[in-house]
Every structure is written in C-alpha cells, then in structure tokens.
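Structural overview
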Amino acid sequence: MPRIPVDHWLLALRTVLAVWLALFLSMRLDLYQPAWAILAVMIVTLQPVMFTGGTPPIGIIIGRSVARLFGTLFGAIVGLVMIALFGQQPMLYLLFAGAWLAFCMYWVMLEQDEHLGYVMMLSGYTATLVSLTAIGTGIDNIWSVAQGRFSETALGIGCGLLAHVVIAPRFGSRALPSALSRFLSQAATETLTTLVEPRSQPRSQASRDAPLKALFQHYQQFEKLRGLARLETRRLSHFIPALDRFASDGLALITAVRELETALDYLRHCDDGERWLAELRQQALPLLRAIESEPDGKPTERLLLADFDWHDDAAIAPRTRARAELVRQRLGEVLGLLQHGRRLRNALDDPTSSKVETLPRERRSRTTHNEHFVARFNAFRVFIAFELLGQIWIHGGWHSGYLAMMLLGVFTMLFAKAPNPAAVVYQFLWGSIAAVILGGILLFLVLPTINGFPLLAIAIGIPVAIGTLMTPHPRWSLIGLAGAITMMTLLNLHSTYTFSPSSYINGGLASIIGTIASMITYSLFRQRSPGERIETLMAAYWRGLSRLLQEKSLPNRARLESRLYDRLGRLVALGGSDSVVREAIDLHALALCVWRIRRLRDALGPHRAEIEVWLGDIGRRVAARRRHDPAAWHALADEAIGWVERLYHETRLPIASIGEIAMLGHLMREAPGVALEARADGASDENPDTSTATTGEPRHAD
C-alpha cells in the first residue's frame, strides 16, 4: 500500500478546516446556499493541485483567489443583466448567454496573463450559473441568487486563503534565487563545454541538443517562479522590473550560447583558428568556471574581452579574422548576460546592496503571438454546444436541464486549453457518477440522522478529505475534483432535510448528462492537431521574418524577443524533442540576426542599398514558400557567404557588420524550420536528409 506524503495530509487538513469554517459561517449568517462557499474553497485549493502535484505556492492561491473574486462579481452582474433583459424570452436568453460564453472563451484563449484569463473564464460561466439557477428556481429569486453566489464565493475564497496562509504556507518565490542560480550555472557549463570541445572529437548533435533543452527548461522554471514574486512577498517588489528585464535577457542568453556554438564550429575549421580561440579561452574560462561553481557569488567588474591584435594583417586570412571576431562578439554577449544575471542573483540575497541601484528600474514592453484561429474555433464550439443543449432543455420541458447546461458551460470553459479535453471530461464523468451516488447516501441516509453542526462537519469533511487526497495523483486528480464540484452542486445544505429523491435523481442525471454533452462536444468538434498548430505557427514566423527583412522601420527588440519567445515556447510544447528545442532556438537566433544586420545597416557604406534589396528579396522568397527545403536554404546561405567574401577586403567597414552577415549564412546553412515543417506533416523531425551536422566541415566555406 503506497504511503501518503506528509504534504498531502497537510493539504487535506487545510482543505477540511477551510470547508468547516466556510460551512459554519455561511450557515451562521444564513446565506443562500452554503454549498457554494464549500465549492469555492475546494476549487481555489484543489484546482492548482492538479498542476503542481502537491501543495501549491501561496502566490498561486492568492492570484487565483483574487481572480476568482473579480470574475464571480463580474459574472454575477452579467447574469443579472441577462435575466433582466431576457428572463421571459428563453430563445433570446439562449442566444445572448451563448454569445457571452463564446466571447469569454475567445478572450481566454488569447489572453496570456493567467490571472486576467481566469477572470474572464469565471465571468463566462458564472453568468450562466447565476442566470440558469434563477431560471430553474424562479426568476423572482435572481437577486438572491446573484448576491448569494458572490457573497458565498467570497466567503469560501477567504476561508481557503486563510487556511493556506496560517497552516504551513509554501512560498514559491523563495525558490526563485536557486532557480536563477541553476539557470546561470547551466548556461556557464554549456559555454565552457563548447569552448573547450576538442576539434578532433566534436560532440554529436544529440549530445548538444540535450543540454540546450535542459537550459531552456531551467529558464522556464525561472519564468514560472518570477510570476509568484509579485504576489507572495513585498521583499522582492522592487526587483520586479529587473526580473522582467532578465526574463528577456535570459532568452537572449540561450540564443547567444547557441550562436556561439555555431560560430566556434566555423572558427575551428580555420588553420589558425585555435590560436585566436586560445586567447579568448584565457580571458573567459576563469569567469565561466566561477559562475558555474558559484552563480550566487559576489559579482566582479564586468569582463570585456580584449580586441584581437591584428599586428600582421597580410598574414591573417580575412576569413579567419571575420570568424574570430564573430566568436569574440558572441562570447562577449554570453559573458555580459551571465554577469548581469549574477549581479541580479547576488542582489536577491542582499537587497540592501549598492548593486541593487544598478539594476533596471523600468519594465520592458512585451507582446505575444495570438492564435486567433484556435480562439475562434473554441468560441464557436462553446456557442454551438450551449445552443443545442438549450434547445433540448427548452423544448423537452426538462425541469432539471438547467443543471446540465451549467456543467456544460463550466467544463467547456475550464478545459478548452487542455491537449485532449475529451479525455479530461471522461475522467470527470466517472467522478461525477461517484459523486451522485455518494451525495445521495449523504443526503438521504446520513444527514437526516445528524443533529448539530459537529456531526454535519464530520459528514462533509470525510468526502472532502478523500477527494483532496486523490487530487495530487495524476491518475485520480480529475475524478477527485469532479466529485467535489458535482457533490457541492447537488447538496442543498440550506434544505438538508427535505426528502425529495426524484428531484435529486433528476439533478444527478442532469449533471451526468451535462458532463457527457461536454465530452461529446469535444469529441465532435476536435481542436486542431499539434501538427496543424505547428504549421500555423511556422507560417506566422515566416510572415514576421519577411516583414523584418523588408520593412524600413525596425521593431523594438524587447517586443520582438517576447513574441519570438512566445512562439518558441508553443513550438517546444507541441514538438517536445531535444531537436525541436534546438531548431526553435535557431529560428529565434535567425530573426535576431536579421534584426542586428538591419540595425547596423548605416555602417554598410556604399553597399547598404544593394544589401537592403538582397534582404528584401530573401523576405519575399521566405514568405512565398509553404515548405522550405534544405537546398533552398543552402542557396540563400551561399548568397550570404558571397556577400561576406565581397566585404572581407572593405577596410572601411566594421567587422561586426561582416560578422553578422556571416552568422546569417551559418544559420541558414542549418536549414531552420525544415524539421518542424516535416513534423507538421507527420514526418519524423530527425530526418537525416533535412539536417546539417554542425560538427563537420560546412559544405560551402565562407
């Protein structure tokens, strides 16, 4: 028999005590429906447990609680308005209630802010809960229903939050410094490995991709904990702008490490490449080893790599010089970002340090990639399902049908973002069936024999504890949460001793039918497959890259990086493999390389107009293709290398401009996006014909 961890027992204790407090206060205050207060406790407490597998950080509880409070208030107001306008016109009510659900769903699918999205989700289905309850029990009670829904939800939220704050609170933001340390240490380790990699024994592509994916996962963990710092503690409040800034810089660090790896491969294939690489190692290795072993150590003065001493230009091949300068630039970028991260890490431990004053004080503007088709499809799915079930409810004369519609609205809103929502609702179905049976036993066999609040609390606390202990386990979490939601929906604790089995059976069947209707909706109206979503994301990337190559004005780098990161995260989530992470980062690097070339265009002198035309032509060719084959990328890379060969002997041009064009050629040689496009077609992303090994000599040397 598996042992239940202490953390799960503490979670059950918090939940049961919060439920008892909410039940006592709601009955003492003679509120409309005490079960709603219990339901609010369990959703606020247990829903985050499904994603954390244990006690969620207090920041998540606070964020969800505040969002649920405002979402319930907004939804209750909308429910009042709908009943006031369409209470006597069921067909118009169905139309506008379905439209409101669809509007909220569209917003939820596009909104990247978790808490604002949660507000809109609650607003959507709370409006239908309030209005449908009023229709089912009499619209004369609409004000009592709306007021009771909000007041009891607020009471349940307060009780749940109090239990988490008082009983062994867990602060996720306390792990933020260690998460940042792991990210910096991993970045330093990967940079060290790349720098000291011997030319004679290069690493395989797989051995390079795995650490890159691990680095990206450390970054995502840092991002997740960074969001908790706003809610959990005031101690870190003045670090929020600096943390936001490093969220962008951290992604730039991953990209720079990947570009450094590519630049080093090309430098090592020069005859005297090791000579210049040795100079860089001598300067960089001590700092990298220090950050690897002590990422939280005291920051030193910023290390600036010394310029190469090109004392005998005639003896140094232009190719070697350009490649060495490119490595120096990328290594300098990596070191600068690592030192920035180390300074921030040190400041988190010592908020009174003078170094805190040097951290950024302004937040960077951010933007995201919105999948409008996915949002429109989900809104359409919710609307059609609500209207069809509503027609059955109205024309069938089914009194308890409003309960089925309530659960349909809840489940279609709640699980729309799940990869396989039909499977999720299927598990909820079994939880609902179990809750109907257990609720009937409680309502008609146990509660009539109870006299006094203590026995009532024990009768309610036992199933709550069982459901809470089930929720942290992935296999049983949905069943436990479903049981809690369904049981609290069916238990009318304000009329416990009303013996009405037929009404209860009708309500239980309606709950099960509503769950089945949600499952059928998700099964018939299937969401786009991961391959189709990858195809859409790639098409959006190529359009954005084309605009970046052709438009005269440059976008803000922070906004560009945040949109690229948003796409990168979605591609990684849909693809999943190590090679997908590497290729997604390559796409990110390609766009930033284009941005840097456009930023340095004034330094191109007499070649500026011609290079601008060439970049614009690349943009048109990239956007015109639905699929990009390696041969086309190699042709573009050859064109870039041709430009580099022409510019080698232009003594007036800065080497940085030449190096960026060379890097663009190197990245295009890797055929970025080809494997992802093949994956979108259902092909393997490890096709040897569409990948280029970076450990061998490039087919076309620059």
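Residues numbered from 1 in each chain as written. Predicted model: local features only at pLDDT ≥ 70, side-chain atom pairs only at ≥ 80, totals over all residues. Heavy atoms only, no water.

1. Describing the overall build of the protein
- The secondary structure content of the protein amounts to 25 helices and 0 strands.
- The 702 residues of the protein split such that 57% are buried.
- Put simply, 83% of the contacts in the protein that link residues at least 6 apart link residues at least 24 apart.
- When the accessible surface of the protein is split by element, carbon and sulfur atoms take 59% of a total near 29100 Å². (Helix = DSSP H or I, 4+ residues; strand = E, 2+ residues; numbered from the N terminus. Buried < 20%, exposed > 50% of the residue type's maximum accessible area, 1.4 Å probe, protein only. Contact = heavy atoms within 4.5 Å. Areas by Shrake-Rupley, 256 points an atom, 1.4 Å probe, with all protein chains shown as cover.)

2. Quick look at the packing of aromatic side chains
- Tallied over the full model, the rule gives 16 aromatic pairs.
- Connected via pairs of aromatic rings, a cluster forms that spans Phe183, Phe216, Tyr219, Phe222, Phe246 and Tyr565.
- The lysine or arginine in question, arginine 64, covers the ring of tyrosine 118, its NZ or CZ lying 4.5 Å from the ring centre.
- Sitting above the plane of the tryptophan 643 ring, arginine 646 keeps its charged end 4.2 Å from the centroid. (Phe/Tyr/Trp six-rings, centres within 6.5 Å; stacked < 30°, edge-to-face > 60°. Lys NZ or Arg CZ within 6 Å of the ring centre and 35° of its normal.)

3. Things to note about the confidence of the model for the protein
- A residue-level look at the protein finds 88% of positions with pLDDT of 70 or above and a mean pLDDT of 81.
- The low-confidence segment residues 683-702, where pLDDT is below 50, has 43 contacts with residues more than four positions distant or belonging to other chains. (pLDDT = per-residue confidence, 0-100.)

4. Points about the packing of helix 4 (residues 58-86) against helix 5 (residues 90-110)
- Contact geometry of helix 4 with helix 5 gives a least axis separation of 9 Å together with a crossing angle of 155°. In terms of their interaxial angle, helix 4 and helix 5 are classed as roughly antiparallel. In this structure, the crossing between helix 4 and helix 5 has a hand that is right-handed. Facing helix 4, whose interface residues are Phe74, Val78, Met82 and Phe86, helix 5 presents Pro90, Leu92, Tyr93, Phe96, Ala97 and Trp100.
- Split into classes, the residues belonging to the contact of helix 4 with helix 5 amount to 10 nonpolar, no polar and no charged. (Axes fitted to C-alpha atoms, helices over the stretch in contact; angles between N-to-C directions. Parallel < 35°, antiparallel > 145°, perpendicular 65-115°, else oblique. Left-handed = near helix turned anticlockwise from the far one by under 90°. Nonpolar A, V, L, I, M, F, W, Y, C, P; charged D, E, K, R; others polar.)

5. Thoughts on the environment of proline 501
- One can find proline 501 in helix 18 (residues 501-524).
- For proline 501, a relative accessible area of 31% corresponds to the partly exposed category.
- Along the backbone, proline 501 and phenylalanine 444 are 57 residues apart, and their C-alpha atoms lie at a distance of 7.9 Å.

6. Quick notes on the side chain of arginine 567
- Residue position: arginine 567 is located in helix 20 (residues 557-575).
- It turns out arginine 567 is buried and unbridged, and the closest side chain with the opposite charge, aspartate 566, is 7.2 Å from it.
- Once residues within four sequence positions are removed from consideration, arginine 567 is found in contact with His369, Leu537, Ala540 and Tyr541. (Lys, Arg positive; Asp, Glu negative; His and termini not counted. Salt bridge = Lys/Arg side-chain N within 4 Å of Asp/Glu carboxyl O.)

7. Side note on helix 11 (residues 273-293)
- With 21 residues, helix 11 extends 28 Å between its outermost C-alpha atoms, agreeing within 8% with the 30 Å of an ideal straight helix rising 1.5 Å per residue.
- Considered for burial, the residues of helix 11 that qualify are Gly273, Trp276, Leu277, Leu280, Arg281, Ala284, Leu285, Leu287, Leu288 and Ile291.
- Where helix 11 is buried, its residues meet helix 8 (176-196), helix 10 (240-268) and helix 12 (318-349). (Expected span 1.5 Å × (residues − 1).)

8. Some points on the packing of helix 4 against helix 6 (residues 114-137)
- Packing of helix 4 against helix 6 brings their axes to within 6 Å, and their N-to-C directions diverge by 40°. In terms of orientation, helix 4 and helix 6 fall into the oblique class. As helix 4 runs across helix 6, the sense of the crossing is right-handed.
- Partitioning the contact of helix 4 with helix 6 into residue classes produces 15 nonpolar, 9 polar and 3 charged.

9. Details of helix 5
- With 21 residues, helix 5 ought to run about 30 Å at 1.5 Å a step, and its terminal C-alpha atoms sit 30 Å apart, in line with that.
- By the burial criterion, the buried members of helix 5 are Tyr93, Leu94, Ala97, Gly98, Trp100, Leu101, Ala102, Cys104, Met105, Val108, Met109 and Leu110.
- In the core, the buried residues of helix 5 are packed alongside helix 4, helix 6, helix 13 (372-396) and helix 14 (401-414).

10. Things to note about unusual backbone geometry
- Unusually for a residue other than glycine, alanine 168 sits at a positive phi of about 45°.
- Structurally, alanine 168 is set in the loop between helix 7 (142-166) and helix 8.
- Take alanine 168: its relative accessible area is 40%, and that puts it in the partly exposed class.
- Look at alanine 671: it is not a glycine, yet its phi comes out positive at around 55°.
- Residue position: alanine 671 is located in the loop between helix 24 (655-669) and helix 25 (674-680).
- Using a relative accessible area of 1% as the deciding quantity, one classes alanine 671 as buried.

11. With respect to the environment of aspartate 272
- Along the chain, the position of aspartate 272 falls in the loop between helix 10 and helix 11.
- Between the C-alpha atoms of aspartate 272 and alanine 317, which are 45 residues apart in sequence, the distance is 9.2 Å.
- A distance of 3.2 Å separates polar atoms of two side chains, one belonging to aspartate 272 and the other to threonine 320. (Polar contact = N/O pair within 3.5 Å; in protein donor to acceptor, adjacent residues only side chain to side chain.)

12. Concerning the pattern of salt bridges
- Scanning all chains against the criterion turns up 27 salt bridges.
- Between arginine 281 and glutamate 274 there is a salt bridge whose closest N-O contact spans 3.4 Å.
- On the accessibility criterion, arginine 281 (16% relative accessible area) is buried.
- According to the relative accessible area criterion, glutamate 274 is partly exposed, its value standing at 31%.
- In this structure, the salt-bridge partner of arginine 328 is aspartate 307, at a minimum N-O distance of 3.2 Å. Remark: aspartate 307 occurs in the loop between helix 11 and helix 12 and arginine 328 occurs in helix 12; sequence separation between them is 21 residues.
- Here the salt bridges share partners, and the residues they tie into one network are Glu190, Glu197, Arg203, Arg208, Arg258, Glu261, Asp265 and Asp586.

13. With respect to a nonpolar patch on the surface
- A cluster of nonpolar side chains, Leu13, Leu17, Trp20, Leu455, Ile458, Ile462 and Ile466, forms an exposed patch at the surface whose accessible area comes to about 610 Å².
- Of all the secondary-structure elements, those providing two or more residues to the nonpolar patch are helix 1 (6-28) and helix 16 (453-470). (Patch = residues over 30% accessible without salt bridge, like charges linked within 9 Å, V, L, I, M, F, W, Y side chains within 5 Å.)

14. Let's talk about the environment of proline 295
- Position of proline 295 among the secondary structure elements: in the loop between helix 11 and helix 12.
- Exposure remark for proline 295: the relative accessible area of 9% places this residue in the buried category.
- The spatial distance from the C-alpha of proline 295 to the C-alpha of arginine 345 is 7.5 Å, given a sequence separation of 50 residues.
- Setting aside its immediate chain neighbours within four residues, proline 295 contacts Ser181, Leu184, Ser185, Ala290, Arg342 and Arg345.

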